[in-house]
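Read off the chains here:
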Amino acid sequence: MTAGAGEIPAGQAWLIAANVVRWRRYGEGGQELRPGTKSYRGGSKVYVIETYPGSGHEQLTTIGRGRHTGTYITIDMSTRNLHTFRAVQVHSPTVLRLCEEAGVGGWWTTRQDAEEVAVLLGRLSVEYRTTHWAMPHPSPCRCHECLTLSQA
């Protein structure tokens, strides 16, 4: 899926961008709500640089601005905590450098490849959010799924 072999083209690369969910279910049976994740604020834009197909893409390696420092960090996180996956052409020297330093591949060779993976991750993230918790949503609920349904 990723181009992994070779170097990132000078000044640009195709990555998958996503946003961190504003609210996520947490705790015993998912009855608590927490804003964003421990590492990222809710709504933050992150770049997916690696997926793990062997585990059903449940975990992703991401680059984004950290919640506490505001500097770019590279971490693995759950797919269910991201939404709005899309292919983007990245020109940021910092993101490209971190992508290369991560040593996990980190970019897709063409826009079409990135878009295909983005569609797959978008579908899987919804599935993982809805099937992860066995208990019903708390009332009132502000998790990503409930907020999305209330806006429709």
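Up top is the structure.
All values derive from a computational prediction rather than experimental measurement. (Residues numbered from 1 in each chain as written. Predicted model: local features only at pLDDT ≥ 70, side-chain atom pairs only at ≥ 80, totals over all residues. Heavy atoms only, no water.)

Chemist: Would you mind showing me how to read the environment of Val 95 here?
Modeler: As for its placement among the helices and strands, Val 95 is situated in helix 1 (residues 93–102). Judged by its relative accessible area of 1%, Val 95 falls in the buried class. Among all residues touching Val 95, those that are not within four sequence positions of it are Leu 15, Tyr 47, Ile 63, Tyr 72 and Val 90. (Helix = DSSP H or I, 4+ residues; strand = E, 2+ residues; numbered from the N terminus. Buried < 20%, exposed > 50% of the residue type's maximum accessible area, 1.4 Å probe, protein only. Contact = heavy atoms within 4.5 Å.)

Chemist: Whenever I open this one, the pattern of salt bridges confuses me. Can you help?
Modeler: Working definition: two side chains of opposite charge can pair if their charged atoms are close together. Inspection of every chain in the model, using the stated rule, returns three salt bridges. We note a salt bridge from Arg 97 to Glu 101, for which the minimum N-O separation is 3.1 Å. In this pair, Arg 97 and Glu 101 are both assigned in helix 1, four residues apart and thus about one turn of the helix distant. Judged by relative accessible area, which is 43%, Arg 97 ranks as partly exposed. (Salt bridge = Lys/Arg side-chain N within 4 Å of Asp/Glu carboxyl O.)

Chemist: Sorry if this is basic, but what is going on with the packing of aromatic side chains here?
Modeler: Aromatic rings in a pair are described by how distant their centres are and how their planes are angled relative to each other. Evaluation of the coordinates by the stated rule reveals zero aromatic pairs. A cation over an aromatic ring shows up here: Arg 34 above the ring of Tyr 26, its NZ or CZ 3.7 Å from the ring centre. (Phe/Tyr/Trp six-rings, centres within 6.5 Å; stacked < 30°, edge-to-face > 60°. Lys NZ or Arg CZ within 6 Å of the ring centre and 35° of its normal.)

Chemist: Could you clarify how one ought to interpret the pairing of strand 1 (residues 13–20) in this entry?
Modeler: The side chains of a regular strand alternate, first on one face of the sheet and then on the other. In terms of burial, strand 1 is largely enclosed, as eight of its eight residues are buried. Judged from the seven bridges that link them, strand 1 and strand 7 (residues 82–90) form a sheet pairing that is antiparallel. The partner of Val 20 across the bridge, within strand 7, is Leu 82. In this structure, strand 1 lies alongside strand 4 (residues 45–51), joined through four bridges in antiparallel fashion. When the sheet's bridge partners are listed, Ala 18 is paired in strand 4 with Val 46. (Pairing = 2+ DSSP bridges.)

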